[in-house]
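Chain and residue survey
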Amino acid sequence: MSKFVINGGNKLVGEIDISCAKNSLLTILAGCILSEGEIVLHKYPSYTDTECMCNILKHLGAKIKKEGEVLVVDSSSLNSFDIPTELACLVRSSIFALGAIIGKFKKAKVAYPGGCEIGARPIDIHLSGLRQLGVKITERHGYIYCDGKDMHSATIMLDFPSVGATENLIMASVLTKGETVIYNCAKEPEIVDLQEFLNLLGAKISGAGTEKIVINGVAKLGGGEFTPIRDRIVAGTYMIACAMCGGDISLNGANPEHLQSVITKLNKTACQIEASCDKIRVKSDGKPLSLKKIETSVYPGIPTDLQAQLLALQCVSNGSCMIIENLFESRFKHVPELIKMGADIHLRDRVAFVRGVPKLFGAEVFGMDLRGTASLILAGLCAEGYSVVNNARHIDRGYNRIERELSSLGADIKRVD
Ligand code: EPZ
């Protein structure tokens, strides 16, 4: 079980090229199922979650080859419509494949998804939308059986702007005759990226990034070449790392428009942030000010995927902060671990009350999920002495060799297998 050994206290100086977005790649890989042609994805990184999605595509019969940072996917010979438990349980995004499979084959048998254990993560909004598209659904023995022979276009109102449900229903509608309208959609940049990708293949989708998305069904999708957007959560993680450790870093490829809410917050913690269309520079003295209150919400609000990292930042601020997690009911597993490092945090339901301390102290801690593990690494980078962050497998789901990227900025961090 690999882990990270960190000797805290170094400032971060230098620049990093931000990888493509995990949460864009995962839905785009599901979207490949809909295509009859060859798809070339550029700047493809090696996240373990995307490798799991590739294994699902291979199980369905797709041909996949990876040459350096280029991934080539050929779904023309897809010959299966089922995703077994052993593949589905590894990632949340396996449920995104359901929409694509049912959209293409008009039938599907998919096991329940997995993913970070940050809450119950139900799929009721996904299934309700598919039923409104005429899909007959039976849930039995841990599988979701779908019959889509009577599928039709529809007007769908989501109970909540769920990212995955929005993506799933777009994909289920792309090859369904007629005009489907989805209201109360999620507006994340990764959904806009999915629209751009599918339209490149011949789909007719508009409205992504707003609460209303319109899909006009087409007969089939071809192939094409595409470069996904960069990962705003990875970029935000490194911005927060600099705010905590001090230094001067540049994040090449990062799109400040995707991080406006975070940039606004970090500017209030005495960071100086310079943003251009494809680069974000952060300068900090490593003495962050208290933010008083941080509340996660759907895009374009403060992303829940940066809650743990912002909480770690506030642990070393000059005052108190209330952090409210509105998206997931069990996304504070990093708190007991941060307390082991000397943080002053009190939890009550979905609220963390943080009182900043002058410094954290190195300790042995345990990552419990992807973004929580990131927050423990950030804490280790600015703590006094050595830290060991166990369960590196969590971080590899969504960061491309984080120890290499942080070391290139001057951090003293090593992976120990
Ligand atoms: C996506 O998860 C991301 N994952 C998550 O990133 C991210 O935290 C989340 O969106 C919110 O932005 C991927 O894109 C692979 P949701 P998703 O459906 O689609 C409730 C990371 O660290 N809900 O928008 O699962 C749900 O319980 C991961 O990269 C229902 O009630 O999130 C939650 O409270 C973690 N019923 C809220 O909606 C449903 O059918 C938001 O979930 C679906 C969701």
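In this text the structure is predicted, and so the values were computed from the model without any measurement.

1. Focus on the sheet that holds strand 24 (residues 413-416)
Strand pairing in a sheet is mediated by backbone hydrogen bonds. Such pairs are either parallel or antiparallel. Taken in spatial order, the four strands line up as 22-23-1-24 in an open sheet, and their pairing is mixed. Unpaired on one side and paired on the other, strand 22 (364-366) and strand 24 mark the two borders of the sheet. Put simply, the sheet's adjacent strands are angled 20° from each other on average, direction ignored. In this structure, strand 22 lies alongside strand 23 (residues 386-390), joined through three bridges in parallel fashion. If you follow Glu 364 over to strand 23, its bridge partner there is Val 388.

2. Some words on the domain arrangement of the protein
Domain annotation for the protein reports domain 1 (3-19 + 230-416) and domain 2 (22-226). Spacing between the C-alpha centres of domain 1 and domain 2 amounts to 30 Å. In this complex, domain 1 contributes 24 residues to the contact, which on the side of domain 2 involves 23 residues. A combined buried area of about 2,000 Å² lies between domain 1 and domain 2, and 52% of that area is made up of carbon and sulfur atoms. Joining domain 1 to domain 2, the criterion identifies three salt bridges. In this structure, the connection of domain 1 to domain 2 is made through twelve residue pairs in polar contact (both at pLDDT 80 or more). Elements with a contribution of two residues or more to the side of domain 1 that touches domain 2: helix 12 (370-382) and helix 13 (392-396). Among the residues forming the side of domain 1 that touches domain 2, the class breakdown is six nonpolar, five polar and 13 charged.

3. Quick word on the packing of aromatic side chains
Inspection of every chain in the model, using the stated rule, returns two aromatic pairs. Note on Tyr 143 and Tyr 145: the rings are 6.4 Å apart at their centroids and 50° apart in plane angle, and the pair reads as tilted. Taking NZ or CZ as reference, Lys 109 lies 4.7 Å from the ring centre of Tyr 143, over its face. In this arrangement the basic side chain of Arg 140 is found over the ring face of Tyr 145, its NZ or CZ atom lying 4.7 Å from the centre.

4. Remarks on the state of the cysteines
Evaluation of the coordinates by the stated rule reveals zero disulfides. Its sulfur unpaired, Cys 146 is 18 Å from the next cysteine sulfur, which belongs to Cys 89. Judged by relative accessible area, which is 6%, Cys 146 ranks as buried. Free cysteine Cys 245: the closest other cysteine sulfur is in Cys 382, separated by 5.3 Å. Accessibility expressed as a relative area gives 8% for Cys 245, which makes it buried.

Definitions and cut-offs
Residues numbered from 1 in each chain as written. Predicted model: local features only at pLDDT ≥ 70, side-chain atom pairs only at ≥ 80, totals over all residues. Heavy atoms only, no water. Pairing = 2+ DSSP bridges. Helix = DSSP H or I, 4+ residues; strand = E, 2+ residues; numbered from the N terminus. Axes fitted to C-alpha atoms, helices over the stretch in contact; angles between N-to-C directions. Domains from an automatic or database assignment. Contact = heavy atoms within 4.5 Å. Buried area = accessible area lost by both parts, 1.4 Å probe. Salt bridge = Lys/Arg side-chain N within 4 Å of Asp/Glu carboxyl O. Polar contact = N/O pair within 3.5 Å; in protein donor to acceptor, adjacent residues only side chain to side chain. Nonpolar A, V, L, I, M, F, W, Y, C, P; charged D, E, K, R; others polar. Phe/Tyr/Trp six-rings, centres within 6.5 Å; stacked < 30°, edge-to-face > 60°. Lys NZ or Arg CZ within 6 Å of the ring centre and 35° of its normal. Disulfide = S-S within 2.5 Å. Buried < 20%, exposed > 50% of the residue type's maximum accessible area, 1.4 Å probe, protein only.

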